[in-house]
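Residue-level structure breakdown
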Protein chains: 4
Amino acid sequence: MEIKIAGDSHGTKMIGLIEEIPAGLKIDEQKINDNLRRRQLGYGRGERMKIETDQVQVIAGTWNGVTTGAPVVIEIENKARNPINTNDQRHVPRPGHGDYTGWSKYRLTDLNIYTERNSARWTCVLTALGSIAEQFLDHFSIEIMSFVSSIGSICVENSMFEEIQRNFDFYIQKRDASPVQCPFDDVSERMIEEINEKALKQDTTLGGSIKTFAINVQPGLGSYANVLNRVDSKIGKYFMSIPSVKGVFIGLEDVSLPGNQYHDPFILQNGKINRTSNHAGGIEAGITNGENIIVTTYFKPISTLAKPLDSINLETKENVKAPYIRSDSVILPAATVITECTLALILMEEIIDGFGNDNIELIKERYFSKYSKNN
Amino acid sequence: MEIKIAGDSHGTKMIGLIEEIPAGLKIDEQKINDNLRRRQLGYGRGERMKIETDQVQVIAGTWNGVTTGAPVVIEIENKARNPINTNDQRHVPRPGHGDYTGWSKYRLTDLNIYTERNSARWTCVLTALGSIAEQFLDHFSIEIMSFVSSIGSICVENSMFEEIQRNFDFYIQKRDASPVQCPFDDVSERMIEEINEKALKQDTTLGGSIKTFAINVQPGLGSYANVLNRVDSKIGKYFMSIPSVKGVFIGLEDVSLPGNQYHDPFILQNGKINRTSNHAGGIEAGITNGENIIVTTYFKPISTLAKPLDSINLETKENVKAPYIRSDSVILPAATVITECTLALILMEEIIDGFGNDNIELIKERYFSKYSKNN
Amino acid sequence: MEIKIAGDSHGTKMIGLIEEIPAGLKIDEQKINDNLRRRQLGYGRGERMKIETDQVQVIAGTWNGVTTGAPVVIEIENKARNPINTNDQRHVPRPGHGDYTGWSKYRLTDLNIYTERNSARWTCVLTALGSIAEQFLDHFSIEIMSFVSSIGSICVENSMFEEIQRNFDFYIQKRDASPVQCPFDDVSERMIEEINEKALKQDTTLGGSIKTFAINVQPGLGSYANVLNRVDSKIGKYFMSIPSVKGVFIGLEDVSLPGNQYHDPFILQNGKINRTSNHAGGIEAGITNGENIIVTTYFKPISTLAKPLDSINLETKENVKAPYIRSDSVILPAATVITECTLALILMEEIIDGFGNDNIELIKERYFSKYSKNN
Amino acid sequence: MEIKIAGDSHGTKMIGLIEEIPAGLKIDEQKINDNLRRRQLGYGRGERMKIETDQVQVIAGTWNGVTTGAPVVIEIENKARNPINTNDQRHVPRPGHGDYTGWSKYRLTDLNIYTERNSARWTCVLTALGSIAEQFLDHFSIEIMSFVSSIGSICVENSMFEEIQRNFDFYIQKRDASPVQCPFDDVSERMIEEINEKALKQDTTLGGSIKTFAINVQPGLGSYANVLNRVDSKIGKYFMSIPSVKGVFIGLEDVSLPGNQYHDPFILQNGKINRTSNHAGGIEAGITNGENIIVTTYFKPISTLAKPLDSINLETKENVKAPYIRSDSVILPAATVITECTLALILMEEIIDGFGNDNIELIKERYFSKYSKNN
């Protein structure tokens, strides 16, 4: 399986492609659009999100709405198109953004160019492709969900996330009711206050973190054939690709615990193999272990600031202020759906690699047949 | 560029391969062996490390010690060979190790099999290949170094790592003098005490963290062509592949800071582009920005415990204790060289992709020519 | 560099993507459209070619018409859209087509589905992407051209192709004036007669062959790092991918000659390294040798026949006739531009791998600098 | 699945690696050695073949001789080691060999260097890896065999290859009894005479062709997800990689036949889907169709000649004769095993991609289950 993500932030449209997706998967565009809508909401988002109501179109790889084995291509129109006059070059890079690094690499002088690839606009494609992966995983009863765990200095206690795992459905409803995608009322309110006080009033931005879970994942997904391409490596790769992400953690973050407290004992319960804890976050030695997969992702505050930082003009070599370009203040709430979709893509790939690439009905048969045996 | 890592932990030898390494690079085996030696030392390591004194042999891809453009292959003999009697199957998985997940995937009944791929033995190959990458990077004046930043509950203050960056050479000497690869005498001593009290005396193990730096990296290494394969994605991928690593961070970990304090202002000093801080850790939008690359890696305590945890027998379906297999207590000190080598491989790849794959003299010419221009 | 080709033959549009194309390349859509026009012409083509006048749109990866380093995406509308009623399933496979093999793999029952991927419609994307590659190669003075060398039993003598290489410009004009893209008037006429007599009058189809040349290619493009991915392997791979192609040859096809007559002696002429023949077809040991690259491609007659062959109904298990679906009689003339574009993509990739992926001006500088030295 | 081939022709050993081979495959080294022996025999081979009796060692990826899912690594010692004095540089390239192209790419001055990668020595690794693939395919009842179809001007009639397909076992015995691997006594004798008269007596070399067959291949192996990576594309790629190969053909080479005679009608016989001919060579639209796969490979005469051709000294820029380096006269007989092993690797990959990468017993179950249904 391979995915491609293309499209310029202010071009006519964004494009996504999944290659080697099996035949026979019914794709529901409405479910993709629902996810795209989640990506545009959340307290602290800027104007662009109101302009755009992203709608996906599956333009290739299906027949009567069902995948054919050919590459699935989706497109999403850019409604906020070309506000930038290409005659009006920009030479002042924004600290934290990809203006300066883009120029250092590609050596085209107008810094506006690099925003086309470096803005987070392309995550709408990641979301759409991952939504297809979620529909694939539905057939294998695998569910994925994310929650905002911190914004600025306001955090959910880790123990609360143990609570969430006892009743996902309830907490997803609570999350969806929160403007910051945080399922605990009190924390949610404090996060909103944090955004108001620390970001909006100060013309600045805030970062934070997200916890992502996958449940009902069978043990044995992944492969150790290539030690640099195991499930945890892929999580490192794909999650670190999400714009603003600076840190990725799998399972329990407190590595100061000694080994006998960190590792998860096995226990036989009603003839089934269980664990008395899940510090490993569902992955041991790069392969799934049957417990919930748990990934924590850390986002820096976004880099376009209403009250800009010091910068320089690369042409005139003068110290100047960075430009302000319309943007969000906090993207954490919108990013929950992005991390879900990212994890979905990884797990879909592992199932295809593990069980074949022909037809989803055959793959399901093979999957459930394997796990019905001596497990 | 592509690398392959193979070999079974108790087989005759470990094998590494680098494909698409340019011609003309002189490889010094002694420098590789020095790094292999570092990988075997450190307070808290087990018996195997005394048995083995790893020695690399470059067995292909060179002519008179100089690369030819053909794949470079290295091998390292396994001196601690086959202590395991293959008639004596094991059916009890160790919590935290890859025994159970390996069985879930591959369905061969003897769990000893999975240790062959899942033990950290293969990191000797990663170290050897990365040592070649370090020799490649020498030609571009890029240096890489790592330090232990925490073991168990004992941490170096982050501000001390700012101090280190002002005088790398001095602190490397200090690090090399510390049995735990921590360059601050007082912290180093407390770490040793922590190992004694919390790990050795309790028959358990400890995790911790490592900071890795790359200096003299030019801005503009990497590419945004594939948004899922930028330098930060590769760091996520490769560092998360290192055994026991559960978390990876690039740059400043405190994402609770608002945007105006997090991002690194530009300033022109003596006609040169500089930054007044380096919270980005040398990477913006997935491309190097010319500042020091800073990666923090979090290691769980290793999973083989002298006082074992609860487990089950997969054949008899009984609750039993996990087996104890000779092992280390703390691998942080040994892992500093591994994270250095990992980062070196990533940067070598970016230079080859950016400047060509024919001959190192030509590549150097192109690299220094680009960076001598309007920068 | 990587390319992706997607789109269903009767969907709304076809999509192509090139990843890792350097920044700074001006793309001329008119030149792409000229090539798309060539792909639709030629004596013996069917109705669809009149319906469609393919027009490319570059929808991503450029700024003011110049590449930015981001993936270039092109789309081409399908004007002959959905003539197939998806309620009207087909169960009778056409011999020679991908109906039966598609069903064997993907197990969706309506055979119409497989035509969406298996018809040659996608070669319009290959042509568009290859046209961009040709524009890239222009900067390196590399030119590529193809000629029809046989249709049915009518062949151009091989010696005539030696003649062509002495004056490409003249013979390209002659080719363009021929309805069958064959630059020799008499042979061209006999080919037309062959199509009339052997194909059209008999309600059948004809195959043949094409010779493709690349000139002004420097020696040393390619790499032996991966022996399974050298220039000749790529030619085998990409040319064999073109629909209907069953055979691919590089250089002189008469392998009955002994070695001393087959191989191309070196000679020094005016201080320059030359060869007294070019039987190798420009490639030795998988790397270019500075002579014209020469590839011969053999096409089977296309498989959709107006007077159909015997087939079976896969549902009812009855012997029946294959269906007739609107099609061409001879595609050789239209395929000359396809083989040109295919070779262009291979050579662009080799230049990027050899000289870097940042900016075309830098790459040119490096290329011409290398070849100005001791060559 | 991925394979790597490394090792220098005169280094200590050759190395091969297969990644993503499923667990549970018993590897029989003797069968690999039998194939390696075939690769060294044949009328017209030179001295080196007598020096070497290649023996494989599986050094990683197995446990008690059974694959574990980890990369399988094999090594083969080079007995004809380092006859070349590295102080004695060579500057005169052999026409047809990779000396000049290697230098053009890599720019190391001693041309002896390029022989290390460009000689056909590495095909012993290809043979060993392909022999493992053959053992994999045994489990799926797929058999592969090759025959010499021409040497110099002496050819087997194509109709004789139709004869062979009626009784493979008989003709394999005949082939094995022929010093030139040609199963027809009269042709075999004329080939030997051709070698004597045209090659040995004239101090030159001869090329020719080989036909390779795969039987009992199920329909539906391969994928059209990536149109540039279908089974025929892979055949083009891998077969064109074999040293000396200049042409590759799948199925019937006479493309002058009209479509109604070229394509293979379907017929229902005893409820089974059959074809009345197999001109497609077992592949339609890049996916297997259940008939025998037939590949013809054309080899140029090898390039090292006892009576050398004109060349030049790249250092002194003088016209001189090419050097003579110990070599073979005809490699066709030895190459039959190479083409078999090449095809085996392709088919193993298709089965893994199609049915999963975990354990061969599970993969077999899935494969035979799919093909027991409605086929």
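Residues numbered from 1 in each chain as written. Chains lettered and ligands numbered in written order. Predicted model: local features only at pLDDT ≥ 70, side-chain atom pairs only at ≥ 80, totals over all residues. Heavy atoms only, no water.

For chain A, the name recorded in an unreviewed UniProt entry is Chorismate synthase, with Defluviitoga tunisiensis as its organism. Under Sequence similarities (unreviewed entry), UniProt gives the following word-for-word description of chain A: "Belongs to the chorismate synthase family." (UniProt positions renumbered as here; feature names shortened; annotations may be inferred.)

1. Remarks on the pairing of strand β11 (residues 266-269) of chain C
All names here are of chain C. Of the two faces of β11, the one lined by F266 and L268 is fully buried and the one lined by I267 and Q269 carries no buried residue. Looking at chain direction, β11 and strand β12 (residues 272-275) are connected through 4 bridges and run antiparallel. Each bridged residue has a counterpart across the sheet, and for L268 the counterpart in β12 is I273. Counting the residues that bridge the hairpin from β11 to β12 gives 2 residues, and of these N270 lies at a positive phi of roughly 55°. (Buried < 20%, exposed > 50% of the residue type's maximum accessible area, 1.4 Å probe, protein only. Helix = DSSP H or I, 4+ residues; strand = E, 2+ residues; numbered from the N terminus. Pairing = 2+ DSSP bridges.)

2. Regarding the relation of the copies chain D and chain B
After a rotation of 180° and a shift along the axis of 0.0 Å, chain D superposes on chain B with an RMSD of 0.0 Å. Look at the turn and shift together and you get a two-fold axis relating the two. Looking at the rotation axis and the C-alpha trace of chain D, the residue lying nearest is K4 of chain D, at 4.3 Å. (Least-squares fit on C-alpha atoms with pLDDT ≥ 70 in both.)

3. A few points about the pairing of strand β17 (residues 318-321) of chain A
Residues and elements named next belong to chain A. Bridging between strand β16 (residues 310-313) and β17 involves 4 bridges; their strand directions are antiparallel. Bridge assignment links S311 to a residue of β17, and that residue is V320. Hairpin connection, β16 to β17: the antiparallel pair is bridged by 4 residues, and K317 has positive phi, about 55°.

4. What about the interface of chain C and chain D?
Taken together, the 94 residues of chain C in the interface contact 94 residues of chain D. Summed over both sides, the interface of chain C with chain D buries roughly 8,200 Å², with 62% coming from carbon and sulfur. Along the contact surface separating chain C from chain D lie 0 salt bridges. The tally of links between chain C and chain D comes to 43 residue pairs in polar contact (both at pLDDT 80 or more). For the side of chain C that touches chain D, the element with the highest residue contribution is helix α9 (residues 231-241) of chain C, accounting for 7 residues. Looking at side-chain class alone, the side of chain C that touches chain D contains 43 nonpolar, 33 polar and 18 charged residues. (Contact = heavy atoms within 4.5 Å. Buried area = accessible area lost by both parts, 1.4 Å probe. Salt bridge = Lys/Arg side-chain N within 4 Å of Asp/Glu carboxyl O. Polar contact = N/O pair within 3.5 Å; in protein donor to acceptor, adjacent residues only side chain to side chain. Nonpolar A, V, L, I, M, F, W, Y, C, P; charged D, E, K, R; others polar.)

5. Quick word on the relation of the copies chain C and chain D
Mapping chain C onto chain D leaves a residual RMSD of 0.0 Å; the transformation is a rotation of 180° accompanied by 0.0 Å of translation along its axis. Interface overlap between copies is the fraction of interface residues in one copy that are interface residues in the other; for chain C against chain D it reaches 100%, indicating a shared surface.

6. Some details on the environment of V231 of chain B
Residues and elements named next belong to chain B. By secondary structure assignment, the location of V231 is in helix α9 (residues 231-241). Distance in space between the C-alpha atoms of V231 and T288 is 7.5 Å, their sequence separation being 57 residues. Residues contacting V231, with those up to four places away along its chain left out, are L221, G222, I283, G286, I346 and E350.

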